[in-house]
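Fold and contact review
The primary structure of each chain is shown beneath.
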Amino acid sequence: MHPEVKQTGPGSCPKCGMALEPREITSQDSNPELVNMTRRLWISVVLAVPMLALMVSAFLPSMPMQHLFTARAWGWIEFALATPVVIWCGFPFFVRGWQSIAHRSLNMFTLISLGTGSAYLYSVFATVVPQIFPASFRGGGRQIDVYFEPAAVIVALVLLGQVLELRARSQTSGCDSRAAWPGSQDGEAAGRPRRGADVPLDQVQVDDRLRVRPGEKIPVDGTVVEGHSSVDESMISGEPIPVEKDSGTKVTAGTVNGTGGFVMRAERVGSDTLLSQIVKMVSEAQRSRAPIQRLADQVSSYFVPAVIVAAIVTFAVWFFVGPQPRFAHALVNAVAVLIVACPCALGLATPMAIMVGTGRGARAGILIRNAEALETFGKVDTLIIDKTGTLTEGKPTLSSVIPQPGFEESGLLQLVASLERSSEHPLAAAIVKGAEAKKLALTDVVGFNSTTGKGVKGTVSGKQVAVGNTELFHDLSVDPAPLLDQAETLRKEGQTVMLVAVDGKAAGIVGVADPIKESTPDAIRELRQQVSRSSWSRETTLRRPRQSPISSASNFMPTYCRKRKQR
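Residues numbered from 1 in each chain as written. Predicted model: local features only at pLDDT ≥ 70, side-chain atom pairs only at ≥ 80, totals over all residues. Heavy atoms only, no water.

A closer look at the pairing of strand β9 (residues 262-268)
- Where strand β3 (residues 209-212) and β9 come together, 4 bridges link them in antiparallel fashion. Across the sheet, residue Leu-210 finds its bridge partner in β9, namely Met-264.
- Across 6 bridges, strand β4 (residues 221-227) lies against β9 in antiparallel orientation. The partner of Glu-226 across the bridge, within β9, is Val-263. (Pairing = 2+ DSSP bridges. Helix = DSSP H or I, 4+ residues; strand = E, 2+ residues; numbered from the N terminus.)

Observations regarding the packing of helix α4 (residues 108-128) against helix α10 (residues 326-340)
- Where α4 meets α10, the axes come as close as 8 Å, and the angle between the chain directions of the two elements is 155°. Between α4 and α10, the interaxial angle falls into the category roughly antiparallel. In terms of crossing hand, the pair formed by α4 and α10 is left-handed. Contacts from Leu-111, Ile-112, Leu-114, Gly-115, Thr-116, Ser-118, Ala-119 and Tyr-122 in α4 reach Phe-327, Ala-328, Leu-331, Val-335, Leu-338 and Ile-339 in α10.
- The residue makeup of the contact of α4 with α10, split by class, is 11 nonpolar, 3 polar and no charged. (Axes fitted to C-alpha atoms, helices over the stretch in contact; angles between N-to-C directions. Parallel < 35°, antiparallel > 145°, perpendicular 65-115°, else oblique. Left-handed = near helix turned anticlockwise from the far one by under 90°. Contact = heavy atoms within 4.5 Å. Nonpolar A, V, L, I, M, F, W, Y, C, P; charged D, E, K, R; others polar.)

Here we look at the nonpolar core
- By size, the foremost hydrophobic cluster in this structure holds 35 residues, and its most contacted members are Phe-93, Phe-148 and Leu-159.
- The set of elements that each furnish at least two residues to this core consists of α1 (32-57), α2 (71-89), α4, α5 (148-172) and α10.
- Here this core gets 9 residues from one element, more than from any other, and that element is α5.
- The contacts of Leu-159, once residues within four sequence positions are left out, are Met-37, Arg-40, Leu-41, Ser-44, Cys-89 and Phe-93.
- Counting residues in hydrophobic clusters, the runner-up holds 26 residues, among them Val-401, Val-416, Leu-427 and Val-500. (Core = buried A, V, L, I, M, F, W, Y, C linked by side-chain atoms within 4.5 Å. Buried < 20%, exposed > 50% of the residue type's maximum accessible area, 1.4 Å probe, protein only.)

Observations regarding the sheet that holds strand β11 (residues 445-451)
- With respect to topology, 6 strands assemble into an open sheet ordered β10-β15-β14-β13-β12-β11, the strand pairing being antiparallel. Strands with a single pairing partner mark the edges of an open sheet, and in this sheet they are β10 (397-403) and β11. Across the sheet, the mean angle from the axis of one strand to that of its neighbour is 20°, orientation sign disregarded.
- The pairing of strand β14 (residues 496-502) with strand β15 (residues 505-513) spans 7 bridges and is classified as antiparallel. When the bridges of β15 are listed, Val-500 appears paired with Gly-508.
- The sheet contacts of helix α14 (residues 426-437) involve β10, β14 and β15, and relative to β10 the element is tilted by about 75°.

Some points on the pattern of salt bridges
- By the definition in use, this model includes 11 salt bridges.
- For Arg-96, the salt bridge goes to Glu-33, with nearest N and O atoms at 3.2 Å. Here Arg-96, found in helix α3 (residues 91-102), pairs with Glu-33, found in helix α1; they are 63 residues apart in sequence, far enough to count as distant.
- Three or more residues joined by partner-sharing salt bridges are found here, namely Lys-250, Arg-265 and Glu-267. (Salt bridge = Lys/Arg side-chain N within 4 Å of Asp/Glu carboxyl O.)

Regarding α3
- Its 12 residues place the ends of α3 17 Å apart at the C-alpha level, agreeing with the 16 Å of an ideal helix rising 1.5 Å per residue.
- Of all the residues in α3, the buried ones are Pro-92, Phe-93, Arg-96, Gly-97 and Ser-100. Along α3, the residues classed as buried sweep out an arc of 135° about the axis, all on the same side.
- Downstream of α3 by one or two residues, Arg-104 has phi in the positive range, about 55°. (Expected span 1.5 Å × (residues − 1). Arc of directions from axis to C-beta.)

Comments concerning the packing of helix α13 (residues 409-420) against α14
- Contact pair α13 / α14: the axes reach a minimum separation of 9 Å and the direction vectors enclose 130°. In terms of orientation, α13 lies oblique with respect to α14. Relative to α14, α13 is oriented so that their crossing is left-handed. Here α13 contributes Leu-413, Val-416, Ala-417 and Glu-420 to the contact with α14, which in turn contributes Ala-428, Ile-431, Val-432 and Ala-435.

Right, dumping it as structure tokens:
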């Protein structure tokens, strides 16, 4: 495919004959060209299979069907079966073949149209007006051989290849964009505060105010103007810890709102949203050309004319020095050269590999900027892994409970979890779940109070408990100094740290982290084995920071985690 070729509406590339890809990914449920080619394929198969059976029966004299009709009658039967296949089913190939000649850009459809067209036209004349052929054209049965079967079967096989190609494209481009991007929007947006009703997503305009309810996807890019919530932005950033959103903060389309509700002002809608730009980048990557494809195009530009010349030479040799009937043998062998030497692989292999590769990568969350990057990736000798969601579970869980002297771990966790059970913060859910896993009995909270950006406080079992960051401690006149060194150590390990105060004293630290997957050590081990087996890796290894060599999954955390802001 040639990205520089542009036109309005679907069609085929005038240079290579392949189907043009839409520049903008759409949400249509079907590909019209795929439906059209599939219909042509099934009709060609239904009509070509009987012809193929007739051709095979010619080599089996014992089969009775050879004696049902005369040779001339069989010719008319094959003409009736082959004509719809070649004329209607194969019509797109003849159009592309003519375009290749008109644009002086010979390609595989040039050879296909010349080969099937020559065999079909010769057979039509041999069937309709056999008297125009001299006696030297007639076979042993004094009948002129016809070649409807090869023409029809070749059309059916080429249609099969086109259907497979289009199906692969549909699965990795616009028709599968929702599967590739689970965060993509469906068709409705949140309600507008003034109207109080849901509106279609395509009707949302810039500066509209939208109410986003708990658990809903954010419809467009914008800014929060009212309310407070936490938003799961793992689709964009990969970070499992939801990000708190207050008035004035930005929100991104496709991310998922947490348990709070807020009103946002739409700023970028439709194709201007960040999610749409990402999907567009995937589409552009599928349409881009790899450097090796230029080599394939250069080879094709010389190869196709060479095949045509070879077919002409073949025809001439069989016509002048071949056995009788010379013209029939010359035509059949010339067509064979055109079809067998057709460089379909040169025209399809590279772009299909790019489309399938970028599409499958998108569904796996891997963004490939262009085909050149995909080709260059085969020469990579350094691997940097983002831990979040790759080496880790992607879900925050309780990781550490470090009490100060005078407090017990289980008792401290019980107080914290009892308090956090009244909170809607996602980190609170991780703490409560961790306490329940330890089978701790949680108690009710009196006077629960949540301060945005600082933490929560309340009375649990008669004790004043506060969980949050240093700002909350300062508001409560609690000295956080005894906890700061340990908190910094846990942050360097990638944990989100919460300071705990009980009755006005620093009581301990609770850490929440994204745990490493059980399969991570095996995956790293297998990756190393693959690297060691590859030919280019004899002098290269996985590079990693000197201060933290990768010896096991456990020390990926301090190397690749970035600091998390205190709650």
